[in-house]
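# Remarks on the overall topology
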Amino acid sequence: MIPLVSMLASAGMDLVAKFVDKGKDEAVKYIKDKTGIDLSEKRELTPQELQKIKEFEIKNKELILEKLQMYLADKQNAREMNVGISANEKVPLIKKIYPEILATIVVIATFAMFYLSVSVNLEPPKEKVVMLLLGTLNTALGMVLSFYFGSSIGSKEKTEVLARKIK
């Protein structure tokens with residue numbers, strides 16, 4: 001779906017591109033219901049389809065903006081909860097450091113599994129299991145990095161979207 005996202009963004013449809021890029025199946029379904037265009041297909045869109053989606057974006061900017069804000073707010077709520085737990089003196093130390101311990105384990109396990117996958121010659125059944133575990137850990141690593149380092153990116157996106165709404 002990445003070429004589609006970049007094509008939409010280059011056509012000036014940033015909100016639709018960001019929304020589809022977030023993997024929101026309901027966004028793709030909603031756009032298909034309203035425009036008849038299936039964005040889940042990996043293909044080039046015609047100029048008529050691009051125009052139709054641009055008209056859709058103009059008509060539905062508020063709906064798209066609300067969904068994007070909900071997505072960003074969900075991430076922010078998790079971070080705020082973590083800060084609240086860390087700041088509360090009544091919470092035991094283990095509960096305060098548990099997320100950091102878990103995040104550290106995910107990071108170390110991901111790099112260890114990556115090292116294992118490139119340094120050891122595994123037989124095909126074991127290699128498949130290692131690759132499956134590496135993929136799962138890689139996803140978890142992305143979530144950890146997004147949680148700890150994604151707030152500025154989310155805030156930047158939210159600020160940009162809100163600024164466009166005011167215009």
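Residues numbered from 1 in each chain as written. Predicted model: local features only at pLDDT ≥ 70, side-chain atom pairs only at ≥ 80, totals over all residues. Heavy atoms only, no water.

## Looking at the overall build of the protein
Along the backbone of the protein there are eight helices and zero strands. The N-to-C order of helical and strand elements in the protein reads α-α-α-α-α-α-α-α. By residue count, 28% of the 167 residues in the protein fall in the buried class. Sequence-distant contacts, at least 24 apart, represent 60% of the contacts inside the protein between residues at least 6 apart. Summing over all exposed atoms, the protein offers an accessible surface of approximately 11,400 Å²; the carbon and sulfur share of this is 63%. (Helix = DSSP H or I, 4+ residues; strand = E, 2+ residues; numbered from the N terminus. Buried < 20%, exposed > 50% of the residue type's maximum accessible area, 1.4 Å probe, protein only. Contact = heavy atoms within 4.5 Å. Areas by Shrake-Rupley, 256 points an atom, 1.4 Å probe, with all protein chains shown as cover.)

## Some thoughts on helix H6 (residues 93-119)
Here H6 contains 27 residues, and its C-alpha end-to-end distance of 38 Å stays within 8% of the 39 Å for a straight helix at 1.5 Å per residue. At Pro99, H6 shows its largest kink, close to 35 degrees. Within the span of H6, buried status applies to Lys96, Ala103, Val106, Thr110, Met113 and Ser117. (Expected span 1.5 Å × (residues − 1). Bend = angle between axes of the 7 residues up to and from the residue.)

## Some remarks on the confidence of the model for the protein
Per-residue confidence for the protein gives a mean pLDDT of 76; residues scoring 70 or more make up 70%. Here helix H1 (residues 2-10) stands out as the element of the protein with the lowest mean pLDDT, 54, in contrast to H6, whose mean of 90 is the highest. (pLDDT = per-residue confidence, 0-100.)

## Quick word on the side chain of Lys96
Mapped onto the elements, Lys96 comes out in helix H6. Summary of buried charges: Lys96 has no salt-bridge partner, and the nearest side chain of opposite charge, Glu89, is 7.3 Å away. For Lys96, the residues in contact, after removing those within four places along its chain, are Ile85, Ser86, Asn88, Glu89 and Val91. (Lys, Arg positive; Asp, Glu negative; His and termini not counted. Salt bridge = Lys/Arg side-chain N within 4 Å of Asp/Glu carboxyl O.)

## Digging into the packing of H6 against helix H7 (residues 124-149)
Two elements in contact, H6 and H7, have axes separated by 9 Å at closest approach and are oriented at 140 degrees. The angle between the axes of H6 and H7 places the two elements in the oblique class. As H6 runs across H7, the sense of the crossing is left-handed. For the pair formed by H6 and H7, the contact residues are Pro99, Glu100, Ala103, Val106, Val107, Ala109, Thr110, Met113, Phe114, Leu116 and Ser117 on the first element and Val130, Met131, Leu133, Leu134, Leu137, Asn138, Ala140, Leu141, Val144 and Tyr148 on the second. Among the residues making up the contact of H6 with H7, the classes are represented as 17 nonpolar, three polar and one charged. (Axes fitted to C-alpha atoms, helices over the stretch in contact; angles between N-to-C directions. Parallel < 35°, antiparallel > 145°, perpendicular 65-115°, else oblique. Left-handed = near helix turned anticlockwise from the far one by under 90°. Nonpolar A, V, L, I, M, F, W, Y, C, P; charged D, E, K, R; others polar.)

## Side note on H7
The end-to-end C-alpha separation of H7 is 36 Å, in line with the 38 Å expected for 26 residues at 1.5 Å each. Every buried residue of H7 is accounted for by Val130, Leu134, Leu137, Leu141 and Val144. Those residues of H7 hidden inside the fold are in contact with H6.

## Some details on the side chain of Asn82
Relative to the helices and strands, Asn82 resides in helix H5 (residues 61-87). On the basis of relative accessibility, which here comes to 12%, the residue Asn82 falls in the buried class. Apart from the residues lying within four places of it in its own chain, the contact partners of Asn82 are Pro99, Glu100, Phe147 and Tyr148.

## With respect to the nonpolar core
Residues Val28, Ile31, Ile37, Leu39, Leu45, Leu50, Ile53 and Phe56 constitute the largest nonpolar core, which totals eight residues. At the level of elements, helix H3 (25-35) and helix H4 (47-59) are the ones that each hand at least two residues to this core. Of the residues forming this core, the biggest block, three residues, is contributed by H4. (Core = buried A, V, L, I, M, F, W, Y, C linked by side-chain atoms within 4.5 Å.)

## Overview of a nonpolar patch on the surface
On the surface, a nonpolar cluster with roughly 460 Å² of combined accessible area is contributed by Leu93, Ile94, Ile97, Ile101 and Ile105. Tracing the backbone shows Ile97 in helix H6. What makes Ile97 partly exposed here is its relative accessible area of 34%. (Patch = residues over 30% accessible without salt bridge, like charges linked within 9 Å, V, L, I, M, F, W, Y side chains within 5 Å.)

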